[in-house]
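# A closer look at the structure
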Amino acid sequence: MFDAALVDAAQSIACQVNWLANFVVGLSFPAIAAGLGEAWCFAPFGGVLLATLLFVVVRLPETRNASVAEIQDALGGSPPGVDGADDARAALRGAA
């Protein structure tokens, strides 16, 4: 859903967020396992998984067989180069 000029930055940010999330899980797991015991130590992570599934099912539209423009319209975005998308790209480039 990103303009080709922004794909690299978006992938870099996503990779950093993934590593940060893995780091947080690694730091918190020993304390969770000690507090809840080995039988229930994955319950908090399962709860987050269920909350994410609920969000996806309830809040995100179906995108099968839809064009990129239709998906962006359903999500409230605009195609690159339309209605301020260029301003958003410029702001992201300035932040990098």
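First, a word on what this report is: a plain description of the structure on this page. (Residues numbered from 1 in each chain as written. Predicted model: local features only at pLDDT ≥ 70, side-chain atom pairs only at ≥ 80, totals over all residues. Heavy atoms only, no water.)

The subject of this paragraph is the overall build of the protein. Looking only at helices and strands, one finds 4 helices and 0 strands in the protein. Within the structure as shown, the protein displays about 7,600 Å² of accessible surface, and the carbon and sulfur contribution to it stands at 66%. (Helix = DSSP H or I, 4+ residues; strand = E, 2+ residues; numbered from the N terminus. Areas by Shrake-Rupley, 256 points an atom, 1.4 Å probe, with all protein chains shown as cover.)

Attention now goes to the packing of aromatic side chains. In this description, a pair of aromatic rings is defined by centroid distance and the angle of the planes. In total, this model carries 3 aromatic pairs according to the counting rule given. Seen from their ring centres, Phe29 and Phe45 are 6.4 Å apart, and the 25 degrees between their planes marks the pair as stacked. Placement of the pair is Phe29 in helix α1 (residues 7-36) and Phe45 in helix α2 (residues 43-59), with a sequence separation of 16 residues. Here Phe45 falls in the partly exposed class, since its relative accessible area comes to 25%. Summarising the aromatic geometry, the rings of Phe42 and Phe45 are spaced 6.5 Å apart at their centres and angled 55 degrees between planes, so their arrangement reads as tilted. Using a relative accessible area of 57% as the deciding quantity, one classes Phe42 as exposed. (Phe/Tyr/Trp six-rings, centres within 6.5 Å; stacked < 30°, edge-to-face > 60°. Buried < 20%, exposed > 50% of the residue type's maximum accessible area, 1.4 Å probe, protein only.)

Right, let's talk about α1 for a bit. Here α1 contains 30 residues, and its C-alpha end-to-end distance of 41 Å stays within 8% of the 44 Å for a straight helix at 1.5 Å per residue. Maximum bend of α1: about 35 degrees, positioned at Ser28, with proline Pro30 one to four residues after it. Once α1 finishes, Gly37 follows within two positions and takes phi at roughly 90 degrees, a positive value. (Expected span 1.5 Å × (residues − 1). Bend = angle between axes of the 7 residues up to and from the residue.)

The grouping of Leu50, Leu53, Leu54, Val57 and Val58 at the surface amounts to a nonpolar patch, some 530 Å² of accessible area in total. For Leu50, the position within the fold is in helix α2. Owing to a relative accessible area of 58%, Leu50 belongs among the exposed residues under this scheme. (Patch = residues over 30% accessible without salt bridge, like charges linked within 9 Å, V, L, I, M, F, W, Y side chains within 5 Å. Salt bridge = Lys/Arg side-chain N within 4 Å of Asp/Glu carboxyl O.)

Moving on: the environment of Cys41. Relative to the assigned elements, Cys41 resides in the loop between α1 and α2. Given the relative accessible area of 4%, Cys41 is considered buried. Sequence spacing of Cys41 and Ala31 is 10 residues, and the spatial spacing of their C-alpha atoms is 9.2 Å. Not counting residues within four places of it along the chain, the set of residues in contact with Cys41 comprises Phe29, Ile32, Ala33 and Leu36. (Contact = heavy atoms within 4.5 Å.)

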